[in-house]
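Examination of the molecular architecture
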Amino acid sequence: MGSESSLSKPPLIKLLQYKRNSSISFRTYQAIVLILTFFAYASYHAARKTTSVVKSALDPESSKLGSNWHYSPWSRKHVLRSNDASAGLGNGWAPFNGADGSAMLGDLDVAFLSVYSIGMYFAGHLGDRTDLRIFLTLGMVGTGLFTSLFGVGYWLNIHIFYYFLVAQMFAGLFQSTGWPSVVAVVGNWFGKSKRGLIMGIWNAHTSVGNIAGSLIASSLLRYGWGWSFVVPGLLIAFFGLVLFLLLPVSPESVEADESAGVDDAEDEVKSPCKDGEGMIDQPLLGSSSSEIVKEKAVGFMEAWRIPGVAPFSLCLFFAKLVAYTFLYWLPFYISHTAIDGKYLSSETAGNLSTMFDIGGVLGGILAGHISDRLNARAITAASFMYCAIPALFLYRSYGHISLYLNIALMFITGMFVNGPYALITTAVSADLGTHSSLKGNSRALATVTAIIDGTGSVGAAFGPLLTGYISSRSWNGVFIMLMVAALIAGLLLTRLVMQEVAAKVEVFRQRGNLPLSCEPELESQV
């Protein structure tokens, strides 16, 4: 194990240990992991956000259309419109500045999300069978390459739709490597007892990436829309190289001493309390490092059979449908809704829509903290989804009365919509990837994370697409669709909620027969 661990150590970690002539503390490793993975996935979202910002430059007329504008999947006339460079200056960029330009831009979104969701399943399968540090680096560099190639079309004067379509599809494929990898790495370093809160805070990278991507892309548009793709592409490639040099994938990979560092590590080793006649002596996150080397990664179908994976995956399908509908359509909805009798500009609407992301940051932190305190992920996720239903209704019904009321209701809606989304894609995925049914096998984190988020990403593709068609008839219909989706998401967790409630009842019933110091241990084992 020693030689294998040494070979898998990141180069800069080796250099730091050589310079210090001593080992790095467990807490320092945890800090390195949180910071690196935070900026890594923020850069993923920054690269992903650029397309929505540049749409107005590629097809200026889309911002002037009314509510009849909608996506038409796979339009018929995806052809070369013009070889004249002037076609892309001032009047948009061919072929996106024609009559079906908006539909083409919609096709890019659908293509990206479709390949992303399919690629997620394969990425998780590969992630559990390869070095996550190398796998994540390849994904980030590949994402940067194809994001930049989309922008290079500006300088090469490319007006062929399929060039941009293929670039987006490959960007989506490489982007699918990110989420299962970063969640697996964080799950390797943080114990279950505080995982919800830690990952709730950490999950702010999504909103930070979205906001950073919007600011970078919009600020570079004046120099040519190509820069809005190339700069985020270079940034994510740069962070990929930093991860290759510095990211410690797991405690075993750098021979970190868990017992010398943190409470979480101690929580994960064992419990000395008695449960009836036997001892509760089962690690939550896995087995010893020597056992991990001999393990085989969990198969795709085997991962689906882990208790909780299927219901949480299906729940995320509908939760992400709601979240991504807001991601892709909220600025458009705001700009085409009279607030206090006035219509806002596209720029103002875009800035205002960030309140949804800010509410989502708070929602993710609250959901993680509450689920930690209650030790009940399903109850927390389902409760947030049910609360999202009245929040959606109030935002649609009263958001137009005044700007301040719109901001407040948008913030609340973002909190309840993104709270369970953040919880399921982080703490729940990490929990299920180290489920007790795996008998200590820790090599399921990436596969389980990919299954859950991959299924959710299918919903993410459907939401914006359906919204395009429904909104052309009625925005009330869109919000009804979102409320029904939130209801279904909550109902899909009913069986798990009942199990958690039964477990809580059992804990309270047995608590009187146990020493006070053992009560938390009993609850965590249930």
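Everything numeric here is computed off the predicted structure, so don't read it as measured data.

Analysis parameters
- Residues numbered from 1 in each chain as written.
- Predicted model: local features only at pLDDT ≥ 70, side-chain atom pairs only at ≥ 80, totals over all residues.
- Heavy atoms only, no water.
- Helix = DSSP H or I, 4+ residues; strand = E, 2+ residues; numbered from the N terminus.
- Buried < 20%, exposed > 50% of the residue type's maximum accessible area, 1.4 Å probe, protein only.
- Contact = heavy atoms within 4.5 Å.
- Areas by Shrake-Rupley, 256 points an atom, 1.4 Å probe, with all protein chains shown as cover.
- Expected span 1.5 Å × (residues − 1).
- Phe/Tyr/Trp six-rings, centres within 6.5 Å; stacked < 30°, edge-to-face > 60°.
- Lys NZ or Arg CZ within 6 Å of the ring centre and 35° of its normal.
- Salt bridge = Lys/Arg side-chain N within 4 Å of Asp/Glu carboxyl O.
- Patch = residues over 30% accessible without salt bridge, like charges linked within 9 Å, V, L, I, M, F, W, Y side chains within 5 Å.
- Core = buried A, V, L, I, M, F, W, Y, C linked by side-chain atoms within 4.5 Å.
- Axes fitted to C-alpha atoms, helices over the stretch in contact; angles between N-to-C directions.
- Left-handed = near helix turned anticlockwise from the far one by under 90°.
- Nonpolar A, V, L, I, M, F, W, Y, C, P; charged D, E, K, R; others polar.
- pLDDT = per-residue confidence, 0-100.

Within the protein one finds 22 helices and two strands. Residue burial in the protein is summarised as follows: out of 526 residues, 54% are buried. The contacts in the protein between residues at least 6 apart in sequence include a share of 82% that link residues at least 24 apart. Split by element, the accessible area of the protein, about 22,000 Å² in all, is 65% carbon and sulfur.

Now for the environment of Pro-464. Structurally, Pro-464 can be placed in helix 19 (residues 445-471). Owing to a relative accessible area of 5%, Pro-464 belongs among the buried residues under this scheme. It is 6.5 Å that separates the C-alpha atoms of Pro-464 and Tyr-328, two residues lying 136 residues apart in sequence.

Okay, helix 10 (residues 225-246) next. Compared with an ideal rise of 1.5 Å per residue, which puts 22 residues at 32 Å, helix 10 spans 33 Å between its outermost C-alpha atoms and is within 8% of the ideal. Those residues of helix 10 not exposed but buried are Trp-225, Gly-226, Ser-228, Phe-229, Val-230, Pro-232, Gly-233, Ile-236, Ala-237, Gly-240, Leu-243 and Leu-246.

So, about the packing of aromatic side chains. On inspection of all chains with the given rule, the structure shows 35 aromatic pairs. Relative to Trp-225, the ring of Trp-93 lies with its centre 5.3 Å away and its plane at 80°, an arrangement referred to as edge-to-face. In this pair, Trp-93 is assigned in the loop between helix 3 (26-58) and helix 4 (101-127) and Trp-225 in helix 10, connecting sequence segments 132 residues apart. Across this residue pair, the class does not change: Trp-93 and Trp-225 are buried. Between Arg-48 and the ring centre of Tyr-116, over which it is positioned, the NZ or CZ distance is 4.7 Å. The ring of Phe-244 is capped by Arg-133, whose NZ or CZ atom sits 4.9 Å from the centre of that ring.

Let us look at the pattern of salt bridges. With the rule as written, the count across this model stands at three salt bridges. The shortest N-O distance in the salt bridge between Asp-372 and Arg-377 comes to 2.8 Å. Both residues of the pair, Asp-372 and Arg-377, count as buried. Note that Glu-506 is salt-bridged to Arg-509, the shortest N-O span being 2.8 Å. Residue Glu-506 and its partner Arg-509 are located together in helix 21 (residues 494-511), separated by three residues, close to a single helical turn.

With omega at 10°, the peptide bond leading from Ala-94 into Pro-95 counts as cis. Positive phi outside glycine occurs at Asn-157, with the angle close to 55°. Relative to the helices and strands, Asn-157 resides in the loop between helix 5 (132-155) and helix 6 (161-175). Overall, the relative accessible area of 25% leaves Asn-157 in the partly exposed class. Despite not being glycine, Asp-340 has its phi angle at roughly 55°, a positive value. Examined against the element boundaries, Asp-340 turns out to sit in the loop between helix 14 (309-335) and helix 15 (346-352).

Before going further, it helps to spend a moment on a nonpolar patch on the surface. The grouping of Leu-12, Leu-15, Tyr-18, Ile-134, Leu-138, Phe-244 and Leu-245 at the surface amounts to a nonpolar patch, some 650 Å² of accessible area in total. The set of elements that each furnish at least two residues to the nonpolar patch consists of helix 2 (11-20), helix 5 and helix 10. The element that contributes the greatest number of residues to the nonpolar patch is helix 2, accounting for three residues. Relative to the helices and strands, Leu-245 resides in helix 10. Looking at Leu-245, the relative accessible area reads 34%, which means it is partly exposed.

Among the nonpolar cores identified, the biggest contains 102 residues, and Trp-189, Phe-326 and Tyr-395 are the most heavily contacted of them. When residues in this core are grouped by element, the largest group, 18 residues, is from helix 14. Once residues lying within four places of it in the same chain are set aside, the contact partners of Trp-189 are Phe-26, Tyr-29, Gln-30, Val-33, Pro-248, Val-249, Ser-250, Pro-251, Val-254 and Ala-256. Within the second largest apolar cluster, 17 residues are counted, among which are Met-104, Ala-111, Tyr-154 and Phe-161.

Let us now look at the packing of helix 16 (residues 354-374) against helix 17 (residues 377-398). It is at 8 Å that the axes of helix 16 and helix 17 come closest, and there the two elements cross at 145°. Considering the relative orientation of helix 16 and helix 17, their crossing is right-handed. Facing Gly-363, Leu-366, Ala-367, Gly-368, Ile-370, Ser-371, Asp-372 and Leu-374 of helix 16, the residues of helix 17 in contact are Arg-377, Thr-380 and Phe-384. The residue inventory of the contact of helix 16 with helix 17, partitioned by class, reads five nonpolar, four polar and two charged.

Here Leu-149 is to be found in helix 5. In the structure, Leu-149 is positioned 84 residues away from Gly-233 in sequence and 8.7 Å away in space, judged by C-alpha atoms.

With 16 residues, helix 9 (residues 205-220) extends 22 Å from end C-alpha to end C-alpha; this agrees with the ideal 22 Å at 1.5 Å per step. Looking only at helix 9, the buried set comprises His-205, Thr-206, Ser-207, Gly-209, Asn-210, Gly-213, Ala-217 and Leu-220.

Moving on, we come to the packing of helix 5 against helix 7 (residues 178-189). Direction vectors running N to C along helix 5 and helix 7 enclose 150°, while the axes themselves pass 10 Å from each other. Read as a crossing pair, helix 5 and helix 7 show a hand that is left-handed. Between helix 5 and helix 7, the contacting residues are Leu-132, Phe-135 and Leu-136 on the first element and Gly-178, Ser-181, Val-182, Ala-184 and Val-185 on the second. In terms of residue class, the contact of helix 5 with helix 7 is built from six nonpolar, two polar and no charged.

Turning to the confidence of the model for the protein, a few remarks are in order. Looking at the protein, pLDDT values average 77 and 76% of them are 70 or higher. Contacts of residues 1-7 to residues separated by more than four positions or lying in other chains number 10 contacts, the stretch itself having pLDDT below 50. In this model, residues 260-294 is a region of pLDDT below 50 whose contacts with residues beyond four sequence positions or in other chains number 63 contacts.

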